[in-house]
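Residue-level structure breakdown
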Amino acid sequence: MPEESALEQLLKSGEFLHHLDIDRKTADLVFDRRTIRALYEFMKHVSIDYIDFPISAGKESVVFKAIRERKPVVIKIYKLSTLRFSSIWKYIEGDYRFSRERIDRSNIVYIWAKKEFTNLGELRRHGILCPKPMDFHKNLLMMSYIGTSASPAPRLKDADFDAQAVYEEIRSAMLRMYRDARLVHADLSEYNILYHRRKPYILDVGQSVSREHPAADYFLDRDIRNIVAFFAKRGISTDFESLSRFVRQVSSTG
Ligand SMILES: Nc1ncnc2c1ncn2[C@@H]1O[C@H](COP(=O)(O)OP(=O)(O)OP(=O)(O)O)[C@@H](O)[C@H]1O
Ligand SMILES: [Mg+2]
């Protein structure tokens, strides 16, 4: 099998996993055989020069900075081993955009990558700051890198910023996401927003659903509560009702 031997060659060359040697545990976790194959195919297809370093290694995904044509990009790898069918199915089955795909346990993670790719595109189309989706393949997603040459942008949770200005930016991003892109983030919090060049960037939209999803209202309420709780701690005067009215564009008089 030529593909197999090319894969073996690549692995043996050490070039490809060179930077991962610093974090063997991460590499072992992520790079199951199917993922290595997918990564190899992807790297060739989109001409990635090399994987620079892991930015984040979480429960469900690992995010790497990679170099492509000498510029930084991000590759997000959804873990085949831990993404549970039951936990992601609810975000797919009620979303008419994806519910007609042929889905089973073996390909649901692939739909997830495609869903995040599609959602990022929708956000960008409506002027909401987020990484630019570049390509996807199986359980891998390539997007633009948010950060400087020195380091990736910090999450809002770890950043120093002008709370009032950033609250207003996020409020307006939430409105545009709901009203114009017609999507609900469904995991919005200070963990999924990066702070870069004085602006908040929305991340992690694999689970984001269309407004028509039966649980969209429930997900939106939860997002609003997270944002209110975070900014209230930062001294901003806000509450669930007012942010909800703003995002849903319900006039306060009725
Ligand atoms: N385009 C990007 N540019 C810079 N950093 C990024 C980018 N995308 C993700 N990150 C970093 O990787 C982290 C994890 O990404 P993300 O929130 O999309 O994954 P996740 O599914 O929440 O992963 P986990 O389940 O591992 O928490 C982010 O908190 C952020 O620090
Ligand atoms: Mg996240």
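Attention in this report is confined to the structure presented alongside it. (Residues numbered from 1 in each chain as written. Chains lettered and ligands numbered in written order. Predicted model: local features only at pLDDT ≥ 70, side-chain atom pairs only at ≥ 80, totals over all residues. Heavy atoms only, no water.)

A short note on the site of ligand 1
In the neighbourhood of ligand 1, 20 residues make up the surrounding shell, with Gly58, Ser61, Lys76, Ser144 and Asp204 lying closest. In the model, an oxygen atom of ligand 1 is placed 2.7 Å from a nitrogen or oxygen of the Asp204 side chain. Secondary structure elements with two or more residues in the shell around ligand 1: strand S1 (48-57), strand S2 (61-68), strand S3 (71-78) and strand S5 (140-144). In terms of residue class, the shell around ligand 1 is built from 10 nonpolar, five polar and five charged. No fewer than three residues from each of domain 1 (11-144) and domain 2 (156-248) sit in the shell around ligand 1. (Near = heavy atom within 4 Å. Polar contact = N/O pair within 3.5 Å; in protein donor to acceptor, adjacent residues only side chain to side chain. Helix = DSSP H or I, 4+ residues; strand = E, 2+ residues; numbered from the N terminus. Nonpolar A, V, L, I, M, F, W, Y, C, P; charged D, E, K, R; others polar. Domains from an automatic or database assignment.)

Quick look at the pattern of salt bridges
The final tally for this structure, using the stated rule, is 14 salt bridges. When the shortest N-O distance is used, the salt bridge between Lys138 and Glu41 registers 3.8 Å. Linking Lys138 in the loop between strand S4 (133-137) and S5 with Glu41 in helix H3 (residues 33-45), this pair joins segments that are 97 residues apart in sequence. For Lys138, a relative accessible area of 33% gives the class partly exposed. Among the ionic pairs, Asp95 bridges to Arg97, the shortest N-O distance being 2.9 Å. By relative accessible area, Arg97 is classed as partly exposed at 23%. The structure contains a network of salt bridges with shared partners spanning Lys76, Glu116 and Asp204. (Salt bridge = Lys/Arg side-chain N within 4 Å of Asp/Glu carboxyl O. Buried < 20%, exposed > 50% of the residue type's maximum accessible area, 1.4 Å probe, protein only.)

Regarding the coordination of the magnesium ion (ligand 2)
Protein-derived coordination of the magnesium ion (ligand 2) comes from Asn192 (OD1) and Asp204 (OD), at a distance range of 2.2 Å. One end of the pair, Asn192, is in the loop between strand S6 (183-184) and strand S7 (193-196); the other, Asp204, is in the loop between strand S8 (199-202) and strand S9 (209-210), and 12 residues separate them in sequence. Here Asp204 falls in the partly exposed class, since its relative accessible area comes to 22%. (Donors = N, O, S within 2.8 Å, 3.2 Å for Na, K, Ca; no water.)

A few points about the packing of aromatic side chains
For the coordinates displayed, the defined rule picks out nine aromatic pairs. Taken together, the ring pairs connect Phe161, Tyr167, Tyr195, Phe230 and Phe231 into an aromatic cluster. Cation over ring: Lys65 sits above Tyr145, and NZ or CZ is 5.0 Å from the ring centre. The ring of Tyr178 carries Arg211 above its face, with NZ or CZ at 4.2 Å from the centroid. (Phe/Tyr/Trp six-rings, centres within 6.5 Å; stacked < 30°, edge-to-face > 60°. Lys NZ or Arg CZ within 6 Å of the ring centre and 35° of its normal.)

Brief notes about the sheet that holds S3
In spatial order, the strands read S1-S2-S3-S5-S4; together these five strands make up an open sheet with antiparallel pairing. Strand pairing shows two members of the sheet lacking a second neighbour, S1 and S4, which therefore form its edges. In this sheet, neighbouring strand axes are inclined to one another by 25 degrees on average, regardless of whether the strands run parallel or antiparallel. Pairing geometry for S2 and S3, over eight bridges, is antiparallel. If you follow Val62 over to S3, its bridge partner there is Ile77. Taken strand by strand, helix H5 (residues 108-125) contacts S3, S4 and S5, and its axis lies near 165 degrees from that of S4. (Pairing = 2+ DSSP bridges. Axes fitted to C-alpha atoms, helices over the stretch in contact; angles between N-to-C directions. Contact = heavy atoms within 4.5 Å.)

Some details on H5
Between its first and last C-alpha atoms H5 spans 26 Å; for 18 residues at 1.5 Å apiece the expected length is 26 Å, and the two agree. Looking only at H5, the buried set comprises Ile108, Val109, Ile111, Trp112, Ala113, Lys115, Glu116, Asn119, Leu120, Gly121, Glu122 and Leu123. Downstream of H5 by one or two residues, Gly127 has phi in the positive range, about 75 degrees. (Expected span 1.5 Å × (residues − 1).)

Here's the deal with the pairing of S3
Among the eight residues of S3, six are classified as buried, and the element is accordingly described as predominantly covered. Here S2 folds back onto S3, and the loop between the two strands holds two residues, one of which, Glu69, carries a positive phi near 45 degrees. In this structure, S3 lies alongside S5, joined through five bridges in antiparallel fashion. Opposite Ile77, over in S5, you have Leu140 as the bridge partner.

Regarding helix H4 (residues 85-93)
Of the positions making up H4, those classed as buried are Phe85, Ile88, Tyr91 and Ile92. Viewed end-on, H4 has its buried residues packed into an arc of 135 degrees, placing them on one side of the element. Elements in contact with the buried residues of H4: H5, S9 and helix H7 (216-233). (Arc of directions from axis to C-beta.)

Quick look at the nonpolar core
By size, the foremost hydrophobic cluster in this structure holds 55 residues, and its most contacted members are Leu156, Phe161, Ile227 and Phe231. Lining this core are residues from two domains, each supplying at least three of them: domain 1 (11-144) and domain 2 (156-248). Excluding residues that lie within four positions of it along the chain, Ile227 makes contacts with Tyr167, Ile170, Met174, Leu188, Ser189, Ile193 and Leu243. Grouped together as the second largest cluster of nonpolar side chains are 15 residues, Ala38, Val46, Ile75 and Ile77 included. (Core = buried A, V, L, I, M, F, W, Y, C linked by side-chain atoms within 4.5 Å.)

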